[in-house]
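Structural description and commentary
Chain by chain, the residues:
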Amino acid sequence: MFSTIKKDIQAALSRDPAAGSAWEVILVYPGFHALVLHRVAHALMRRKFRLAARIVAAVSRSLTGIEIHPSAVIGEGLFIDHGMGVVIGETVEIGRDVTIYQGVTLGGTGKDTGKRHPTIGSNVVISSGAKVLGPFTVGDYSKIGAGSVVLQEVPPHSTVVGIPGKIVRRRGDHLREAGKSVDLDQVKLPDPLQEQLKRMARQIEHLEQQLLRLEAESRLEKVR
């Protein structure tokens, strides 16, 4: 557990430019506090101390504003930035080096039994306010845009935006080659609505040019 916690501290230091030192992360980062308490609660849950695990999780939620079910499986290097309002459900599984921003929900739809919550691959970024709902997988190196609602499988190396979430970009594995484990850019995401409006504008411009050409040909015919 202590080795994993050290990697959680390093994740915060490497992904948050505001983090000045390990002690700062340990003392004042609620995302880190929630992770440490979850790892304690998860260990208790695995040893069948269910009530004790739920009590630790409840204390963590009260202190941090982050709700993580003790049964959720979370890999090392998770960074929860700010974290207020983050909810991680009972059957969630999270890989390594994942980044989650405030207001994210990894939940269920209410219609599934057994495995009810998503599986998040490694090196995934889930932006502010995103909701990932259901028992499917979000592939490695994927990015979920802010405010998106994701209800179906996401292949690796994909970018998903919108309500409901749609895959708007896929790309190869260049992050490791560039020496990066996580792409934290939340700004340069494709906007499918904007792209559609641009296509419509181009079509309208093309139709207007055709109309002008036909009008010109019609006037020329009248002159003849």
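See above for the structure.
The structure contained in this document is the topic of the report that follows. Quick caveat: nothing in here was measured; it's all calculated off a predicted structure. (Residues numbered from 1 in each chain as written. Predicted model: local features only at pLDDT ≥ 70, side-chain atom pairs only at ≥ 80, totals over all residues. Heavy atoms only, no water.)

Further remarks concern the packing of helix α1 (residues 2–15) against helix α3 (residues 30–46). Axes are the key here: two packed helices are described by the angle between their axes and the distance separating the axes. Remark: α1 packs on α3, axes separated minimally by 11 Å, with the N-to-C direction vectors making an angle of 165 degrees. Our classification of the angle between α1 and α3 gives roughly antiparallel. Crossing hand, α1 versus α3: right-handed. In contact with Thr4, Ile5, Asp8 and Ile9 of α1, α3 contributes Phe32, Leu35, Val36 and Arg39. Class assignment for the residues of the contact of α1 with α3 results in five nonpolar, one polar and two charged. (Axes fitted to C-alpha atoms, helices over the stretch in contact; angles between N-to-C directions. Helix = DSSP H or I, 4+ residues; strand = E, 2+ residues; numbered from the N terminus. Parallel < 35°, antiparallel > 145°, perpendicular 65-115°, else oblique. Left-handed = near helix turned anticlockwise from the far one by under 90°. Contact = heavy atoms within 4.5 Å. Nonpolar A, V, L, I, M, F, W, Y, C, P; charged D, E, K, R; others polar.)

The strands making up a sheet are joined through hydrogen bonds of the backbone, oriented either antiparallel or parallel. Read from one edge of the open sheet, five strands run β1-β4-β7-β10-β13, paired in parallel fashion. The open sheet has two edge strands with one neighbour each: β1 (67–68) and β13 (149–150). Looking at chain direction, β1 and strand β4 (residues 87–88) are connected through two bridges and run parallel. Residue Ile68 lies in a different strand from β4, and its bridge partner there is Ile88. (Pairing = 2+ DSSP bridges.)

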